[in-house]
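Coordinate analysis (summary)
Listed here are the chains, written in short residue letters.
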Amino acid sequence: MDRDNEDLRGRGLLAGVGLTSSATLMLQVSLTRIFSVSLWYHLAFMVVSIAFLGFGASGTFLMLAPKAKALSLRPTLAKSTFALSIAVFLSYWCSNRIPFDPARFMWDPYQWLYLMAYYGVLAVPFFFAGLTLALVYTHKARHVGRIYAWDLVGAGLGCLAILWIYAQVGEATAVVTVSVVAGVASLAFWPKGWKMNLVRGMWLGLLCLLMAAKPGIARLQISPYKALMVALRYPGARLLDTRWDGAGRLDVIESGGVRFAPGLSLEFQGGLPDQVGLCVDAGNLNAATRFSGDTEDLRFAEFLPASLAYVLTEPRDVLVMEPMGGLDILIAHYHGARKIVTTHGSPLVLHAMKGFLGGFSGYLYENYATPVQEQARSFLLRTPMSFDVIQLPLTDSAGAVSSGLYGLSEDYTLTVEAFKTYLGALKPEGTLTVTQYLLPPPRHEIRLAGLACAALEAMGITHPERHLGAIRSWGAFTLVVKRSPFEPEDIHRMKAFCRGRRFDLVYYPNMPRAEANRYNRFPSPLYYDMIQKVLDPHEREAFYKAYLFDVGPVTDDRPFFYHNFRMDKVVPLYRAVGKKWQLFLEGGYLVHLIFFQALLISVVLIALPLKKTGLGSSSWFLLYFGLIGIAFMLTEICLIQRFILFLARPAYAFSVVLFSVLLASGLGSYYSKKFLQKPATLVITPVLILAYAVCLDRLLSLAIGWPPWMRYGASFFLILPLGFTMGMFFPVGIRTLSRCFDGAIPWAWSVNGCASVAGAVLAAVLAVSHGFTTVLCAAALAYSLALGILLVQNLAHHGYKDNA
């Protein structure tokens, strides 16, 4: 074996490592985006997380089949990466034909078998990627610093590349591109052998042909229960356009199923203007409305609950967040707004509305609104503007929200800190208005009231109940929050607005219970009763504690507005819904199932080599590599979350932070050899993590007003010190292990890969339950324990040398 006798001659080996790592991360991101479209967000997280355990399985395989380690290194690496190239495309093609659909769980028992098939098929390419890298680390342990640096930098470049590729060519062609990158890695490892080159050339040629032709066999199959497919089943429905960017996919459709006027009063007797549907990731159905410039065409706007704010406040300056197809711009225009500013976290819909839908919609974003391409909070934190009305429109599909499919999706527009920002940007008589679908049992509607109350109290307002009002129609709930207290004239206008449209009053200051629940009746005025308890400081905490759902206010540290299910109320809730388990397929519950699946599979993979090797005095490495795998993922995920507001768009935060962490860790790995004899210096890592947990948000708030390019640079330099030290733990551990038990390096690789998956899922579990600060503290603890193990092992090694 040439493990330690051959230097890293040439750049082929290192380039191959970088390309393999790049292809792996590109595949992981691609599959997450693909399954977000074809299935749902939280199920994409589950499928890809479990499939990535194939990475760890490769180390277990090498421990159980030691002859594989004795093969000639370069040709073996070339074959394994060529197998990776083939497996990437075939796993996508096969998974696209497995009839797995989570919507069918409740009546089709075979869906569990299809889910297992998904796991198995998608784990194959990750297995070959892991096998390639494990072989390199096993054979070249003394060069681990440089190899791991190329590994991490390649992954970082891959995360940037795939988002750009996805925006250019879409999901299916992006997967084919990953296959090409893996094929090039095979050539980098071993460009020799005419037979091998002939096969590789034919395969790469076929992939290029697929990229150019885009045949039907590569087309993504979307669940028939997603909003896009439901709308396309209407007679005469047709798909007008499909486009992508790094954050998602947009489909524009013409369908009889598109009728977007949330909560429209049944008193309205006219017809709606023509609308075309806008579907984000095949599931979030909104609409662009035809507008010729004649406000008479917008008379229906008077009959929408969202118009309440314009009855209470004269709308000179209006801010509309994420208006999608622009219905709320039309509402503001109809009510006489002089200036309308809109914010857009993703430019995908905005580009469509300003492009081929511009004429249809009356060029809304050119003639009637001033669009700002960043999230509302970062815009408001840096602008001197103030507004008469700030509007959070209803943009999520009722089906997704009602089923809890957004339970794992963070939403920084609906937190206590966000509401403080909005209220602070209002003029003295201004109004904040939020509309949600009315979805019994009460959850999101009650949480909205709690958020507003908590934000007002945090601003020093002693009687927040005097600043709130709420109404509901048959299908929508609208909350209004005024900067100043409600006056009698405001209440009179609100009551007249509801009476003329047969909307139900839910709350206004000192409202009698008898005025609630008059038109769209429930057995009792439950929304009124619950909001009264939320606004009463003496009853609030008892209500939050006793209610079956988590409806308390959420903060930036725990920004999961749509996560309402409580683990301590599982049994009472199960009984309350008639002992039906399907409810628990919601993201907040499913993340615990994912964690236990990952933990069980990881334990099996890690334990399999025990029979062959046994556990000796060198078993310390199992815990060490497990801890650093968990800690790295906990830290990485938290940093991405922390930078979302600062970088204005989630896709940018993901790209910039992941690239920065991986590049900085690569640099740390490259220089890690200098720290092998001084591992105690790595104590700076948990110290930095705790410092970031306390100080990072404050530092970012100081620079929120900087231009984008300066914020990107600041992000990199803020992440650099922590990423640099994090990158040292793996190579220092491998070098230490190679001195006493070099045959166990594949096992260490397996443990680290499995722990990384478990760490990613654990981050979601802890964040949903306790917040991201807790996640960072857990990461600091894991690194501290790992460092303690390393120090003990080094002391034992030096003691052995001294005795010898």
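1. Quick notes on the overall build of the protein chain
Assigned secondary structure in the protein chain consists of 31 helices and 12 strands. Its C-alpha atoms give the protein chain a radius of gyration of 28 Å, near enough to 28 Å, the size a compact globule of 804 residues would have. Seen through its C-alpha atoms, the protein chain measures out along the principal axes to roughly 90 × 60 × 55 Å. A burial count over the protein chain gives 61% of its 804 residues as buried. In the protein chain, once contacts between residues fewer than 6 apart in sequence are set aside, the share between residues at least 24 apart is 77%. Only carbon and sulfur atoms are counted for the fraction: they give 62% of the accessible area of the protein chain, which is about 30400 Å². Within the protein chain, the 52 negative side-chain charges are centred at a point lying 10 Å from the centre of the 69 positive side-chain charges.

2. Re the pairing of strand β1 (residues 238-245)
Across seven bridges, the pairing between β1 and strand β2 (residues 248-254) is antiparallel. Directly across from W244, in β2, lies its bridge partner R249. Counted along the chain from β1 to the antiparallel partner β2, the turn is two residues long.

3. Some details on the sheet that holds β2
If you walk across this open sheet you meet the four strands as β1-β2-β3-β4, and the pairing is antiparallel. In the strand order of this sheet, the two ends are held by β1 and β4 (284-289), each with one partner. Here the average twist between neighbouring strands, direction ignored, is 25 degrees. Strand direction decides the pairing type here: strand β3 (residues 275-280) and β4, joined by six bridges, are antiparallel. Paired with V276 across the bridge in β4 is A288.

4. Re the environment of R74
Take R74: it is sitting in helix α4 (residues 73-95). Residue R74 is classed as buried on the basis of its relative accessible area, which comes to 17%.

5. Observations regarding the pattern of salt bridges
Evaluated as defined, the whole model comprises 22 salt bridges. The salt bridge involving D241 is made with R243; its shortest N-O contact spans 2.9 Å. The partner of D550 in a salt bridge is R558, with the nearest N and O atoms 2.7 Å apart. When sorted by exposure, D550 lands in the same class as R558, which is buried. Put simply, E314, R316, D317, D388 and K427 are held in one network by salt bridges that share partners.

6. Comments concerning the packing of helix α7 (residues 171-189) against helix α8 (residues 194-213)
At their nearest, the axes of α7 and α8 sit 10 Å apart, and the two run at 160 degrees to each other. On the basis of the axis angle, α7 is roughly antiparallel to α8. In the packing of α7 onto α8, the handedness of the crossing is left-handed. Only M196, N197, R200, L204, L207, L210 and M211 of α8 make contact with α7, whose side of the interface consists of T173, V176, T177, S179, V180, G183, S186 and L187. A per-class count over the contact of α7 with α8 returns eight nonpolar, six polar and one charged.

7. A short note on the side chain of H467
Residue position: H467 is located in the loop between α17 (444-458) and β10 (468-472). By relative accessible area, which is 6% here, H467 ends up buried. A distance of 3.4 Å separates a polar atom in the side chain of H467 from the backbone oxygen of S484. Beyond its immediate sequence surroundings of up to four residues, H467 is in contact with L456, I461, V480, V481, K482, R483, S484, P485 and F486.

8. Here's the deal with empty space enclosed by the protein
By the definition in use, this model includes five cavities of 30 Å³ or more. Reported here for the largest cavity is a volume of approximately 90 Å³. Lining the largest cavity are F260, P262, L304, P305, A306, L327, D328, I331, Q391, P393, L394 and T435. The element best represented in the lining of the largest cavity is helix α11 (residues 327-334), accounting for three residues. Its residues placed into classes, the lining of the largest cavity shows nine nonpolar, two polar and one charged.

9. Details of the sheet that holds strand β9 (residues 426-437)
The strand order β7-β6-β5-β8-β9-β11-β10-β12 describes an open sheet built from eight strands, whose pairing is mixed. One side of each edge strand has no neighbouring strand; the edge strands of this open sheet are β7 (370-372) and β12 (504-507). Geometrically, the sheet is characterised by an average inter-axis angle of 20 degrees between neighbouring strands, direction not taken into account. Where β9 and strand β11 (residues 476-482) come together, seven bridges link them in antiparallel fashion. Residue pairing in the sheet places T433 in a bridge with V480 of β11. Running over the sheet, helix α16 (residues 416-424) touches β5 (317-321), β8 (387-392), β9 and β11 and is turned about 140 degrees from β9.

10. So, the packing of aromatic side chains
Applying the stated criterion across every chain yields a total of 31 aromatic pairs. Judged by centre distance (5.2 Å) and plane angle (45 degrees), the ring pair of F55 and W749 falls under tilted. Residue F55 is located in helix α3 (residues 53-64), and its partner W749 is located in helix α30 (residues 745-770); the two are separated by 694 residues in the primary sequence. With a centroid separation of 5.3 Å and 40 degrees between ring planes, the pair formed by Y137 and W749 is classed as tilted. Taken as a pair, Y137 in helix α5 (residues 111-139) and W749 in helix α30 lie far apart in primary sequence, 612 residues in all. For the pair shown, Y137 and W749 are each scored as buried. Here the guanidinium or amino end of R443 rests over the ring plane of F549, the centre of that ring lying 5.6 Å away. One cation-aromatic arrangement involves R501 over F303; the distance from NZ or CZ to the ring centre is 5.7 Å.

11. Describing the environment of T774
By secondary structure assignment, the location of T774 is in helix α31 (residues 772-803). Among the residues examined, T774 registers a relative accessible area of 32% and is labelled partly exposed. Along the chain, T774 and R558 lie 216 residues apart, while their C-alpha atoms are 9.9 Å from each other.

12. Section: the nonpolar core
Y137, F621, Y624, F625, F643 and F730 are the most contacted members of the largest nonpolar core, which has 194 residues in total. Counting residues per element, this core draws most heavily on α30, which supplies 15 residues. Apart from the residues lying within four places of it in its own chain, the contact partners of F625 are F730, G733, I734, L737, A748, V751, N752 and A755. Counting residues in hydrophobic clusters, the runner-up holds 52 residues, among them Y422, L423, I446 and A455.

Reading the values: the criteria
- Residues numbered from 1 in each chain as written.
- Predicted model: local features only at pLDDT ≥ 70, side-chain atom pairs only at ≥ 80, totals over all residues.
- Heavy atoms only, no water.
- Helix = DSSP H or I, 4+ residues; strand = E, 2+ residues; numbered from the N terminus.
- Rg over C-alpha atoms; globule rule 2.2 N^0.38 Å.
- Buried < 20%, exposed > 50% of the residue type's maximum accessible area, 1.4 Å probe, protein only.
- Contact = heavy atoms within 4.5 Å.
- Areas by Shrake-Rupley, 256 points an atom, 1.4 Å probe, with all protein chains shown as cover.
- Lys, Arg positive; Asp, Glu negative; His and termini not counted.
- Charge placed at Lys NZ, Arg CZ, Asp CG, Glu CD.
- Pairing = 2+ DSSP bridges.
- Axes fitted to C-alpha atoms, helices over the stretch in contact; angles between N-to-C directions.
- Salt bridge = Lys/Arg side-chain N within 4 Å of Asp/Glu carboxyl O.
- Parallel < 35°, antiparallel > 145°, perpendicular 65-115°, else oblique.
- Left-handed = near helix turned anticlockwise from the far one by under 90°.
- Nonpolar A, V, L, I, M, F, W, Y, C, P; charged D, E, K, R; others polar.
- Polar contact = N/O pair within 3.5 Å; in protein donor to acceptor, adjacent residues only side chain to side chain.
- 1 Å grid on protein atoms, 1.4 Å probe; cavity = no way out; pocket = protein on both sides within 12 Å on 5 of 7 lines; lining within 4 Å.
- Points joined across faces, edges and corners; volume = space filled by probe spheres on them.
- Phe/Tyr/Trp six-rings, centres within 6.5 Å; stacked < 30°, edge-to-face > 60°.
- Lys NZ or Arg CZ within 6 Å of the ring centre and 35° of its normal.
- Core = buried A, V, L, I, M, F, W, Y, C linked by side-chain atoms within 4.5 Å.

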